[in-house]
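# Results of the structural survey
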Amino acid sequence: MTHQPAVSAQASGTREARRVAVASFVGTAIEWYDFFLYGAAAALVFGPQFFPSSNPAVSQLASLTTFAVGFLARPVGGIVAGHFGDRIGRKRMLVISLLIMGTATVLVGLLPTYAQIGVAAPILLVVLRLAQGVGVGAEWGGAALMAVEHAPPSRRGLYGAAPQLGVPAGAIVANLVLLVASTSTREAFVEWGWRLGFLVSFVLVIFGLVIRRRLTESPLFEEAARHRPARVPLLEVLRDHPLAVLRAVFVTGASTAMGYIILTYILSYGTAEVGYSRNELLIVVILTSVVQLGAIYGLSGLADRFGRRKVIAAGAIAQAVAALLFFLVFDTGVFVLALVACVVTVITVSAQYGPLPALLSDQFPTRIRYSGVSLGYQLGNVVGGGLAPVVATAIFTASGSSLLVGVYLAGMALLALVAVALTPRGEA
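Since we're looking at a predicted model, the values are computed, not measured. (Residues numbered from 1 in each chain as written. Predicted model: local features only at pLDDT ≥ 70, side-chain atom pairs only at ≥ 80, totals over all residues. Heavy atoms only, no water.)

Each helix and strand in the chain was counted, giving 20 helices and zero strands. Computed over its C-alpha atoms, the radius of gyration of the chain comes to 20 Å, within 12% of the 22 Å expected for a compact globule of 428 residues. The proportion of buried residues among the 428 residues of the chain is 61%. At a minimum sequence separation of 6, the contacts of the chain that also span at least 24 residues come to 88%. Carbon and sulfur atoms make up 70% of the accessible area of the chain, which totals about 15,700 Å². (Helix = DSSP H or I, 4+ residues; strand = E, 2+ residues; numbered from the N terminus. Rg over C-alpha atoms; globule rule 2.2 N^0.38 Å. Buried < 20%, exposed > 50% of the residue type's maximum accessible area, 1.4 Å probe, protein only. Contact = heavy atoms within 4.5 Å. Areas by Shrake-Rupley, 256 points an atom, 1.4 Å probe, with all protein chains shown as cover.)

Enumeration over the complete set of coordinates arrives at eleven aromatic pairs. Between Tyr269 and Phe327 the ring centres are 5.5 Å apart and the planes differ by 85°, which places this aromatic pair in the edge-to-face class. In this pair, Tyr269 is assigned in helix H13 (residues 242–274) and Phe327 in helix H15 (residues 308–330), connecting sequence segments 58 residues apart. A relative accessible area of 5% means that Tyr269 is categorised as buried. Through successive ring pairs, a cluster of aromatic residues spans Tyr265, Tyr269, Tyr276, Phe326, Phe327, Phe330 and Phe396. (Phe/Tyr/Trp six-rings, centres within 6.5 Å; stacked < 30°, edge-to-face > 60°.)

A few words now on the confidence of the model for the chain. In this model, the chain carries an average pLDDT of 85, and 94% of its residues clear a pLDDT of 70 or more. Within the model, the stretch residues 5–12 combines pLDDT values under 50 with 17 contacts to residues more than four positions away or in other chains. (pLDDT = per-residue confidence, 0-100.)

Moving on to the pattern of salt bridges. Here the structure, examined in full by the defined rule, presents eight salt bridges. Residues Arg90 and Glu149 are paired through a salt bridge, measuring 2.9 Å at the closest nitrogen-oxygen approach. Remark: Glu149 occurs in helix H6 (residues 120–150) and Arg90 occurs in helix H4 (residues 90–110); sequence separation between them is 59 residues. Residue Arg308 pairs with Asp304 through a salt bridge whose shortest N-O separation is 3.4 Å. Take Arg308: its relative accessible area is 4%, and that puts it in the buried class. (Salt bridge = Lys/Arg side-chain N within 4 Å of Asp/Glu carboxyl O.)

Attention now moves to the environment of Val249. Inspection of the secondary structure puts Val249 in helix H13. Counting along the chain gives 109 residues from Val249 to Ala358, while the straight-line C-alpha distance between them is 15 Å. When sequence neighbours within four positions are dropped, the list of residues in contact with Val249 reads Gly376, Leu379, Gly380 and Val383.

Attention now goes to helix H19 (residues 388–399). Along its twelve residues, H19 runs 16 Å from first to last C-alpha, staying within 8% of the 16 Å computed at 1.5 Å per residue. Looking only at H19, the buried set comprises Ala388, Pro389, Val390, Ala392, Thr393 and Phe396. Two residues or fewer past H19, Gly400 is found with a positive phi of approximately 70°. (Expected span 1.5 Å × (residues − 1).)

A few words on helix H3 (residues 56–87). Here H3 contains 32 residues, and its C-alpha end-to-end distance of 48 Å stays within 8% of the 46 Å for a straight helix at 1.5 Å per residue. Considering bend angle alone, the principal kink of H3 is centred on Ala73 and spans about 25°; proline Pro75 follows within four residues of it. Downstream of H3 by a residue or two, Gly89 has a phi angle that is positive, lying close to 125°. (Bend = angle between axes of the 7 residues up to and from the residue.)

Right, let's talk about the environment of Phe364 for a bit. Structurally, Phe364 is set in the loop between helix H17 (356–361) and helix H18 (369–386). Take Phe364: its relative accessible area is 0%, and that puts it in the buried class. Sequence spacing of Phe364 and Ala244 is 120 residues, and the spatial spacing of their C-alpha atoms is 7.9 Å.

Of all hydrophobic cores here, the largest spans 103 residues; its most connected members are Phe46, Ile261, Phe326 and Leu409. It is H13 that contributes the most residues to this core, 15 residues altogether. For Leu409, the residues in contact, after removing those within four places along its chain, are Ala257, Met258, Ile261, Gln319, Ala323 and Phe327. (Core = buried A, V, L, I, M, F, W, Y, C linked by side-chain atoms within 4.5 Å.)

On the surface, a cluster of nonpolar side chains totalling about 610 Å² of accessible area is made up of Val321, Leu324, Leu325, Leu328, Leu403, Leu404 and Val407. With four residues, H15 is the single largest residue contributor to the nonpolar patch. Within the fold, Leu328 resides in helix H15. (Patch = residues over 30% accessible without salt bridge, like charges linked within 9 Å, V, L, I, M, F, W, Y side chains within 5 Å.)

Tracing the backbone shows Pro163 in helix H8 (residues 162–181). Looking at Pro163, the relative accessible area reads 0%, which means it is buried. The spatial distance from the C-alpha of Pro163 to the C-alpha of Leu94 is 12 Å, given a sequence separation of 69 residues. In contact with Pro163, other than residues within four places in its own chain, are Ser24, Thr28, Ala143, Ala144 and Ala147.

The interhelical angle for the contact between H3 and H13, taken along N-to-C directions, is 160°, at an axis separation of 11 Å. As the angle between them shows, H3 and H13 are arranged roughly antiparallel. Every pair of crossing elements has a handedness; the one defined by H3 and H13 is right-handed. Contacts between H3 and H13 involve Gln60, Leu64, Phe67, Phe71 and Arg74 from the former and Tyr260, Thr264 and Ser268 from the latter. Looking at side-chain class alone, the contact of H3 with H13 contains four nonpolar, three polar and one charged residues. (Axes fitted to C-alpha atoms, helices over the stretch in contact; angles between N-to-C directions. Parallel < 35°, antiparallel > 145°, perpendicular 65-115°, else oblique. Left-handed = near helix turned anticlockwise from the far one by under 90°. Nonpolar A, V, L, I, M, F, W, Y, C, P; charged D, E, K, R; others polar.)

Before going further, it helps to spend a moment on the side chain of Thr366. Checked against the element boundaries, Thr366 lands in the loop between H17 and H18. When residues no more than four places from it in sequence are discounted, the contact partners of Thr366 are Asp86, Arg90, Glu149, Leu220, Phe221 and Ala224.

Written as structure tokens, this is what we have:
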């Protein structure tokens, strides 16, 4: 059953809706800056720094596994924040999530390496990565719902895309910082240059906290709070809406899997197996993320006009095709072709990713929406984004075939297509 927000709850007005959308974008961009900075560093330097091994492939796989560990913690953050977000409000959870993420990121920048403190270094790195995962897991549901629940009814896809825009924005800033840091010598970058981006996060988090503290609470939450809130929202979600959660997992999984292949996996695969330079791939990721900003905005607007189910389904079909062709083009070793492959593929991802907050929000009533949306989305990120770089590395290591990696990603897209086809129509 599809649940639609009451029109009377949109009294905050278009101006307030825009202000909330901008604030959701800025705060989310900061959190994703932290998250992607870790992903890029895991692909480029964390292997030898924290997981030294005589076999570089083993070292690299261990490093990328810590990236996946953060995703395993995301459902925990989503569940905890969802519980309190449904009971006491969305705004408070946004402030707490930003503090958790920012603190963990700065501490990664200060963390001693394996050579300095031995096995304690990778253990502490994993702990901090878990904290990052909790922070991002708590973040997304609140940012998405604040944007969607403040939005005019006919523009919920576009306004709801605000936190999605934070993903490429965060990736752009993170990779620009790494690109600047990498202008130093290779030795300097590996020894200390990579740390600068993590320490810069302190300033960004302060900026984000100032913006978020000025937000007004979701009008739909305030209306729902006048009635008796759910005692344990998660249990109500699992009891009454298990299929909605399952659909959310698979719709989310495809776009995040392909997205993280482009944003993290190609940094290690492209340098080690194809022969691109580190800076070439950082530039590819930056330019691709710029395109994704425009693609998410434009395609989310189209979803409001033509329907979210239709746009997301079209994106899933296009991703299945793009995934099978991606490595054939990327493996040429030609910079321009690598850029084309990433840009075309990320447009297919954006068609699914941009309208996602509005689509998922429609599937749960307001009183348990934070819990339902967060659980489905974060589990989808575990199945898709978190495991994708590790699965891709394992597939290639075992088979030596990048084509099989493409088949895996195409399969994820087809699962998303089935899930969105089974999503109730309603406003979607």
